[in-house]
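Letter by letter, the chains look like this.
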Amino acid sequence: NDALGRHQAPKEDRKRAHTLLNLGFVMQEMERFDAAEQYYEQARLLAAATSNEQTLGIALGNLGDLASQRNNHERAVELCEQAAQHLEKCGRFENVARALLPLARLEMSRGDVAECEKLIERTNRMLDRGASEMLGGEVGARLRSILDEWGALEQDLVTKCIDAASDEKSRASVIERGWM
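Undergrad: Help me understand the layout of surface pockets, please; the structure alone is not making it clear to me.
TA: Where empty space is left becomes clear once a probe the size of a water molecule has been rolled over the atoms. Counted as a void, the largest pocket has a volume near 610 Å³. In this structure, the largest pocket is lined by 23 residues; those nearest its centre are F25, Y40, I58, N62 and R98. Here the lining of the largest pocket gets 7 residues from one element, more than from any other, and that element is helix α3 (residues 53-69). Split into classes, the residues belonging to the lining of the largest pocket amount to 8 nonpolar, 9 polar and 6 charged.

Undergrad: Explain the pattern of salt bridges here, please?
TA: Working definition: two side chains of opposite charge can pair if their charged atoms are close together. Per the counting criterion, the structure on display carries 8 salt bridges. Of the charged contacts, one joins E37 and R70 as a salt bridge, the two residues approaching to 2.9 Å between their closest N and O atoms. Of this pair, E37 sits in helix α2 (residues 33-49) while R70 sits in the loop between α3 and α4 (73-89), placing them 33 residues apart in sequence. We classify R70 as partly exposed; its relative accessible area is 37%. Across the pair R44 and E41 runs a salt bridge whose closest N-O atoms are separated by 2.5 Å. A residue pair is termed a helical-turn pair when its members lie 3 or 4 positions apart in one helix, as R44 and E41 do in helix α2 at 3 residues. On the basis of relative accessible area, R44 is assigned to the partly exposed category, the value being 22%. The partly exposed category is assigned to E41, whose relative accessible area is 25%. One continuous salt-bridge network, built from bridges that share partners, spans D34, E37 and R70.

Undergrad: How should I be thinking about unusual backbone geometry in this particular structure?
TA: Only a minority of non-glycine residues have a phi that is not negative, and only a minority of peptide bonds are not trans. Of note, the phi angle at E31 is positive, near 60 degrees, even though the residue is not glycine. Summarising the element assignment, E31 is placed in the loop between α1 (2-29) and α2. You can call E31 exposed: its relative accessible area is 61%. With phi around 55 degrees, S51 is a residue other than glycine that occupies positive phi space. Looking at where S51 falls in the secondary structure, it is placed in the loop between α2 and α3.

Undergrad: Could you clarify how one ought to interpret the nonpolar core in this entry?
TA: Nonpolar side chains in soluble globular proteins tend to be buried together. In this structure, Y40, V96, L100 and L103 are the most contacted members of the largest nonpolar core, which totals 33 residues. When contributions to this core are tallied by element, the ones reaching two or more residues are α1, α2, α3, α4, α5 (93-110) and α6 (113-133). A per-element tally of this core places α5 first, with 8 residues. Beyond its immediate sequence surroundings of up to four residues, L103 is in contact with A76, V77, C80, E81 and L119.

Undergrad: Just to check I follow, could you spell out a nonpolar patch on the surface for this structure?
TA: Nonpolar side chains collect at one region of the surface, where F25, V26 and M30 lie side by side and expose about 290 Å² of accessible area between them. On the secondary structure map, F25 appears in helix α1. For F25, a relative accessible area of 46% gives the class partly exposed.

Thresholds applied
- Numbering of residues begins from 1 in every chain and follows the order in which that chain's sequence is written.
- For a predicted model such as this one, the threshold for reporting local features is a pLDDT of at least 70, and the threshold for listing and counting side-chain atom pairs is 80 or more; totals across whole chains, interfaces and linings nevertheless cover every residue.
- In computing side-chain properties, one takes all heavy atoms of the structure into account and sets aside hydrogens as well as water.
- In the cavity and pocket records, a cavity denotes points on a 1 Å grid over the protein atoms alone where a 1.4 Å probe fits but cannot get out, a pocket denotes an open set with protein on both sides within 12 Å along at least 5 of 7 lines, and lining residues are residues with an atom within 4 Å of a point.
- Grid points are joined across faces, edges and corners, and a volume is the space filled by probe spheres set on the points.
- Here a helix means four or more residues in a row that DSSP labels H or I, a strand means two or more in a row labelled E, and each is numbered from the N terminus.
- Only Asp, Glu, Lys and Arg are considered charged, only Ala, Val, Leu, Ile, Met, Phe, Trp, Tyr, Cys and Pro nonpolar, and every remaining residue, Gly among them, polar.
- Just to be clear on terms, a salt bridge is a Lys or Arg side-chain nitrogen sitting within 4 Å of an Asp or Glu carboxyl oxygen.
- Buried, partly exposed and exposed residues are distinguished by accessible area as a fraction of the type maximum, computed with a 1.4 Å probe on protein chains only: under 20%, between the cut-offs, and over 50%, respectively.
- In this description, a nonpolar core means a group of buried Ala, Val, Leu, Ile, Met, Phe, Trp, Tyr and Cys residues linked to one another through side-chain atoms lying within 4.5 Å.
- Contacts: residue pairs with any heavy atoms within 4.5 Å of one another.
- Candidates for patches are residues over 30% relative accessible area with no salt bridge; among them, like charges are joined within 9 Å and nonpolar side chains (Val, Leu, Ile, Met, Phe, Trp, Tyr) within 5 Å.
- Residue exposure ignores everything except the shown protein chains as possible cover, and the areas themselves are Shrake-Rupley values with a 1.4 Å probe.

Next comes the structure, spelled out in structure tokens:
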């Protein structure tokens, strides 16, 4: 019985971490950001304790998203980069792309053309890798959802970057890349 209990404990911890992530998401949607942060942090700690890279990456990405919503740029960058590292390590490239979205939103709001460009290229590489990993080359519903979200964000990002570009050379660079 003791061996069976030890075998079931990791499974129960994974379920608990996913439940905490879901509760955090619900709180975030309700704009109860402090409660969402507590749930995501608990999920992060549990995932780290059980070496669950995927859940750890998702929890870090959600915490990064909260930081970006609170306009805490440095913290958002730190958390989203950590999330991307964990998710890339376990081959969840579509989730890496999702973890980068809050950074893109922040850079869009700051009008940083160079960083916008880097994030777009990096995200596209992750989406390409994710698509190539899908069975039979088909892009799953989750990846299509990310692609749709990224496409809308990319268009907003490009428009704002062009508007924010202070000189003709910067504008020309954005247009030259085929964004407009």
